[in-house]
Structure formats: structure tokens, C-alpha cells
Amino acid sequence: MSEQDNKIPLPGEPEKEPDLLKYRKWFGTDTTGCLLDFAKPYTPPKWTLKHNGINFAKRGDLHIVGGKSGHGKTAFMSQIMAAILCGRFGNMTCQIEGEPTVLYIDTEQSEDDTIAIKNRVCTLAGIPYSVPQPRFKVARLRDTVQVEERYKMILQLMWEIKPDVVFIDGLLDIVNDYNNQTECSDIIRDLMAYSTALNMSMWCVLHENPMTDKLVGSLGSIAERKVTEVFVIRKHKAPHQDKRFKDFPSVFFEIKQTKARGKDQEDWYFTVEDRAMGWGVPVEMGVNNEKPATKFDPRVLKEWITKRQYDVEWPATRTDIYSSIFKPEGVTDEGDQKEAMKVCINSRFFLEQSKDEMKPGQKVPRLKINEELILPL
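Summary of the structure given here.

Rules and cut-offs
Residues numbered from 1 in each chain as written. Predicted model: local features only at pLDDT ≥ 70, side-chain atom pairs only at ≥ 80, totals over all residues. Heavy atoms only, no water. Core = buried A, V, L, I, M, F, W, Y, C linked by side-chain atoms within 4.5 Å. Buried < 20%, exposed > 50% of the residue type's maximum accessible area, 1.4 Å probe, protein only. Helix = DSSP H or I, 4+ residues; strand = E, 2+ residues; numbered from the N terminus. Contact = heavy atoms within 4.5 Å. Pairing = 2+ DSSP bridges. Right-handed = clockwise from strand over helix to strand, strands pointing away. Phe/Tyr/Trp six-rings, centres within 6.5 Å; stacked < 30°, edge-to-face > 60°. Lys NZ or Arg CZ within 6 Å of the ring centre and 35° of its normal.

**A word on the nonpolar core**
Argument step 1. In this structure, Phe76, Phe167 and Trp203 are the most contacted members of the largest nonpolar core, which totals 38 residues.
Argument step 2. The leading source of residues in this core is helix 1 (residues 73-86), at nine residues.
Argument step 3. For Phe167, the residues in contact, after removing those within four places along its chain, are Met77, Ile80, Met81, Ile84, Val102, Leu103, Tyr104, Ile105 and Trp203.
Argument step 4. Membership of the second largest hydrophobic core comes to 33 residues, among which are Leu62, Ile64, Ala139 and Ala223.

See the structure below:
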């Protein structure tokens, strides 16, 4: 490569293709939009969940749940789904405002096992499991034989439902070869792009190798590098070799966050109780699950709404409700107002407008009173 070949062209003179890495055919590639706009403000992360005061699972990103076969990965995800659907489970709280929608996609289990998972989540969330739930959708793809068809169905389901949080259980069933780096890299990049485009929190189950604590194959290596968080579930059975667990139950499960883009989570633990339902019920250890999940009693909130319903012009913004219903009752802290709102929505005292009910130019649905629960004075 000569100095003549790579000299800087004069103004107005067309630039000559350099010899540098010419075989890559990179010269002339359109780079429009690649450079960061320095005037664009920073947007803080929108989190899906919080555990013991620490946020995790950023919206628009991909997360992995790993572990050995039968070590409680699905039981862990059941707790996450329950927390999202009802606002809280154990020490885990949902950080998504409104009424988030959950899509669970099972690629490998029998129909009865999938039904058991559905029933477990509904039991934990306190919602009926024998009637369709508008905010909780479950799909089975085990009977779809072709990998390519299974993957296209997943993409179609996510596009149709547009869930706030999606769970793909499991990732191995959407690739032909988990050691094919090109195929695995393309799949992970696809899912990252999809979660970003729909602003979803996307959770994918991926097994570990049977003999090591490493996520399986090239798929696991690529996923671990690209995703924002990895949670690994470990099953412990007595006798417990670790002195930390000497007073623990004979069988329990450990949740370890092995990768985090935000603040690291401390390990936490759960057991699975058999309540003669046919499906195990996970219970976070060290938590009194009988105490109220919030300091706001739904019965009191219902009284406030009934008493002050005429102080608000319906349909209303959340800000209108904060100022006209919560604030006069002494709830002035912004965090408390949001918590009270979450209880009201989970209790279905307020319903979101449908798209048909929104006015022209209105971008965000407002809230209306659920007249089946809040009666006029």
C-alpha cells in the first residue's frame, strides 16, 4: 500500500477507494445514523421488577434464566409472572405502571404440564385459572415439529399480543444447532431487536451443560455476552454441605444473579409447597406472604374513590386522580400515589380506555371508573 494510494483527496476531488482491507468491500458503506446525537438527553432505564429495593429486568432488553434440568427455572419464572400480574410476590414488586400483559410460551412440555404452570401462576397472583385472562396469555409449541415454523410462530404471537413481558421456555427449541455460532448469533440479535422494538422485558430459559455450570453450547456463550441479566437457579437437597444452609429445609432452591447491567441482586431462596392442587406452589423464604403486599387497603381506596368520584372529570389522567382523590386523603408522596394507583388498577377499580374510546390525537389511554365495582353515591 503506497502513500500515493491513501493520500487525502483535495476539496471537490472524488475519494479513491483505499487498499486497506479492500477484500471486505467496506468502502462506500452508508453510515447514516451511526453517530450519536450529543444533544439527545439521557433516558433513565424503565425497570420491570424490584427485589429487596434493587431494580432489575430493564424494559426493552433480553434476560436469561439458566440452570440444570429440573432445578426450578419454571418455578422461578412463575413467581416473576405472578409479581407482574398482581403487583407483588414475596419481596419482588412490579415496576410497570398500569395493567401489564404477560405472554408465556412453552416449547417443550406436555399440555398437562403447561396447564399446571398456568394454574400455579394464577394461584400465586390470586386470579381465576379456569377462565381466560386478558392480561395473561399462554401458548404451547411442543407439537410444532419444525424449528423454523416454531420460531416464526413465536415472533407472530409476540407481534399480535404485544406483551409487556414475554417468557420463552426454552431457547434451545428455536435453533437447529446450539453450537452453530452464525445461527445462534442471528437468533439472539433477532430477539434483542424484537424486545427493543416492542419495549418488552424478554425472559428466555436456557439449560446448563449436565456436567458443568456453563450455559449450553455456542448459544449459551453468545446469549451470556449479549443479554443484560442472567439468573441461575440451583436446587439444594439435604444433607447440606454448605454451613450457610444448615438450618434450611431439606429441599430448597437458590436464585443467583450471575450477570447484571445494573446493581447486583443478593441471592435469595424459595421452597415449593405441595398444597394438594396437583401443581407445586413456590414460596419465597424469609417472607411472610400472609401480610398485605401494600400498605394501601383496597377497601379503603374503594371508599375514597366512591366518595370523591364527582371531583374528577372522567375519563381521567393518573395525575387528575392523584390530585383529586389521593392527595385530599393525605397521600402526597409521589411513590405512595403510584403504589395506591397500582392497587386500584389490580383491584379493577379503574379501567383503561380502549383505543376506540380515545379522542383524536390522544396518545395515552385515560382511566375510567369500573361501574360494576364503584357505585354512584
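**Section: the pairing of strand 7 (residues 136-140)**
Walk down a regular strand and you will see the side chains alternate between the two sheet faces.
Argument step 1. Where strand 6 (residues 102-106) meets strand 7, five bridges bridge the pair, whose relative direction is parallel. Residue pairing in the sheet places Tyr104 in a bridge with Val138 of strand 7.
Argument step 2. In the classification by handedness, the crossover that spans strand 6, the intervening helix 2 (residues 111-125) and the parallel strand 7 is right-handed.

**Observations regarding the packing of aromatic side chains**
Argument step 1. Enumeration according to the criterion identifies 19 aromatic pairs in this entry.
Argument step 2. Geometrically, the ring pair formed by Trp314 and Phe350 is tilted, given 5.8 Å between the ring centres and 35 degrees between the ring planes. Of this pair, Trp314 sits in the loop between helix 6 (298-308) and helix 7 (318-326) while Phe350 sits in strand 14 (residues 350-352); the two residues are 36 residues apart in sequence, bridging distant segments of the chain.
Argument step 3. Taken together, Phe56, Phe76, Phe167, Trp203, Phe231 and Trp268 form an aromatic cluster joined through their ring pairs.
Argument step 4. Cation over ring: Lys162 sits above Trp159, and NZ or CZ is 3.9 Å from the ring centre.

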